[in-house]
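A structural walkthrough
Each chain, written out:
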Amino acid sequence: MSRTTTTERPPLTVPRADLTGGRIGSRIDLHTAVDSTNTTAFEASGAGAPDGTVIVADAQRAGRGRLGRSWNSPPGRNLYLSIVLGAPFPRQTVAALPFLAAVALRDAIRDLTGLDAATKWPNDVIINGRKVGGILVEARERGSQTTVAVVGIGVNVNWPRRSMPADLRPTATSIQTEQGRAVSRPRLLVTLLNRFDAGYERLRRQGSGPLLEDWSRTCITLGRRVTIESPSGIITATAVAVDPSGRLMIRRPDGSTTAVTADAVVRPAIGDLTAPTTRRSHALRH
Ligand code: BTN
């Protein structure tokens, strides 16, 4: 008899009746496995899928992360989804999408579990210092116009740390690991989509200022000394804010400030044990 029972790993379903938003999830395609839900989302968009379409897969064969990394995507454990957003957008809206997704995921985890999920620049969601979710926003442009944006979200849900590849274990976690019990993937999916829908409407109405304030409130990067690795070299500085384009503002020891884009690798500086002094008002005013 198989030792894996269906109650341990229930199938991924979509509780459409629990969706509260008008846009996000107006169409949801659920797949057993795809290469990458972001790729499938662009294909669906090219074939006429409407604004707000969501592609969900139980597994990915070639899940993509930031900076050309891969995203581990085993079946039966986690959430992998991509949201199609129709354009045209103001440039700042596209730049705000990773922050919107991170805040939506942070809040969905808090809603369902009470865990103290936090944000980390540029687009990670963290619990107890370890990464539980990542976001990959990709956009297609024609000239200076964004024609479609795809917001890809990966969440480690019911994936015990002992089952993760060894190289992930020091830095990754899952909701199950942190909570001590499994969480319903369909419930997390619908809570996340509802949070994203509400946040997206607010972003369109109010711009990115309130969103970046909210994201900054729980950001573990701001107020800390960080080491930044970019093509132009390695520097150590203090992370002080995000600017309206989502760049990380850092202050060097000489007092000068510089903006860092999301293609840089930012790590806590060695020996930085200081807690951030304050987590309020770190987003630069618009
Ligand atoms: C990162 O932290 O590097 C971003 C990870 C993003 C992973 C998600 S899983 C769903 C979507 N499809 C992909 O191929 N990637 C994103």
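Residues numbered from 1 in each chain as written. Predicted model: local features only at pLDDT ≥ 70, side-chain atom pairs only at ≥ 80, totals over all residues. Heavy atoms only, no water.

Section: the sheet that holds strand S12 (residues 265-268)
The strand order across the open sheet formed by 5 strands is S11-S10-S9-S8-S12, and the pairing between neighbours is antiparallel. Of all strands in the sheet, those with a lone pairing partner are strand S11 (257-260) and S12, marking the two edges. Adjacent strand axes in the sheet meet at a mean angle of 45 degrees when their direction is disregarded. (Pairing = 2+ DSSP bridges. Helix = DSSP H or I, 4+ residues; strand = E, 2+ residues; numbered from the N terminus. Axes fitted to C-alpha atoms, helices over the stretch in contact; angles between N-to-C directions.)

A short note on the site of the ligand
Taken together, 19 residues surround the ligand, and among them Ser36, Gln60, Arg64, Arg66 and Lys131 come closest. Here a nitrogen atom of the ligand sits 3.1 Å away from a polar atom, N or O, in the side chain of threonine 37. Here lysine 131 contributes a side-chain N or O atom positioned 2.6 Å from an oxygen atom of the ligand. Taken by itself the ligand offers 420 Å² of open surface, and the protein chains cover 99% of this. (Near = heavy atom within 4 Å. Polar contact = N/O pair within 3.5 Å; in protein donor to acceptor, adjacent residues only side chain to side chain. Areas by Shrake-Rupley, 256 points an atom, 1.4 Å probe, with all protein chains shown as cover.)

Some remarks on the nonpolar core
Among the nonpolar cores identified, the biggest contains 61 residues, and Leu81, Ile83, Ile109, Ile153 and Phe196 are the most heavily contacted of them. In terms of residue count, the dominant contributor to this core is helix H2 (residues 91-113) (12 residues). Apart from residues no more than four positions distant in its own chain, phenylalanine 196 is found in contact with Ile24, Ile83, Leu85, Leu100, Ala101, Ala104 and Val151. With 8 residues, the next largest nonpolar core counts Ala41, Ala44, Ala49 and Val150 among its residues. (Core = buried A, V, L, I, M, F, W, Y, C linked by side-chain atoms within 4.5 Å. Buried < 20%, exposed > 50% of the residue type's maximum accessible area, 1.4 Å probe, protein only. Contact = heavy atoms within 4.5 Å.)

Notes on the confidence of the model for the protein
For the protein, per-residue confidence averages 90 on the pLDDT scale, and residues scoring 70 or more make up 91% of the total. Mean pLDDT values over the elements of the protein span from 84, in S12, up to 98, in strand S2 (residues 54-60). Taken as a whole, residues 1-7 scores under 50 in pLDDT and shows 2 contacts with residues more than four places along the chain or in a different chain. Here residues 275-286 scores under 50 on pLDDT; set against residues more than four positions off or in separate chains, the count is 32 contacts. (pLDDT = per-residue confidence, 0-100.)

Topic: the pattern of salt bridges
According to the stated counting rule, one finds 17 salt bridges in the structure shown. Its salt-bridge partner being aspartate 35, residue arginine 61 comes within 2.9 Å of it at the nearest N-O pair. Note that arginine 61 is positioned in the loop between S2 and strand S3 (79-86) and aspartate 35 in the loop between strand S1 (28-34) and helix H1 (37-46), a separation of 26 residues in sequence. Classification of aspartate 35 as partly exposed rests on a relative accessible area of 42%. Taking the shortest distance from any N to any O, the salt bridge between aspartate 111 and arginine 195 comes out at 3.0 Å. Pair noted here: aspartate 111 is in helix H2 and arginine 195 is in helix H4 (residues 185-206), with a separation of 84 residues, a long-range link. Taken together, the shared-partner salt bridges in this structure form one network comprising Arg106, Asp107, Asp111, Arg195, Arg202, Asp214 and Arg217. (Salt bridge = Lys/Arg side-chain N within 4 Å of Asp/Glu carboxyl O.)

What about the packing of aromatic side chains?
Counting across every chain of the model gives 2 aromatic pairs. Relative to tryptophan 215, the ring of phenylalanine 99 has its centre 4.9 Å away and its plane inclined at 80 degrees; by these criteria the two rings are edge-to-face. Here phenylalanine 99 is found in helix H2, whereas its partner tryptophan 215 is found in helix H5 (residues 209-217), with 116 residues between them in sequence. Note on tryptophan 215: relative accessible area 0%, which makes it buried. Taken together, a centroid distance of 6.3 Å and an interplanar angle of 20 degrees make the contact between phenylalanine 196 and tyrosine 200 stacked. Linking phenylalanine 196 with tyrosine 200, this pair stays in helix H4, spanning 4 residues, or about one helical turn. Residue classification places phenylalanine 196 among the buried positions, given a relative accessible area of 0%. The ring of phenylalanine 42 carries arginine 140 above its face, with NZ or CZ at 3.7 Å from the centroid. (Phe/Tyr/Trp six-rings, centres within 6.5 Å; stacked < 30°, edge-to-face > 60°. Lys NZ or Arg CZ within 6 Å of the ring centre and 35° of its normal.)

A word on the environment of aspartate 18
Summarising the element assignment, aspartate 18 is placed in the segment before S1. Here aspartate 18 falls in the partly exposed class, since its relative accessible area comes to 46%. When sequence neighbours within four positions are dropped, the list of residues in contact with aspartate 18 reads Val190 and Asn194.

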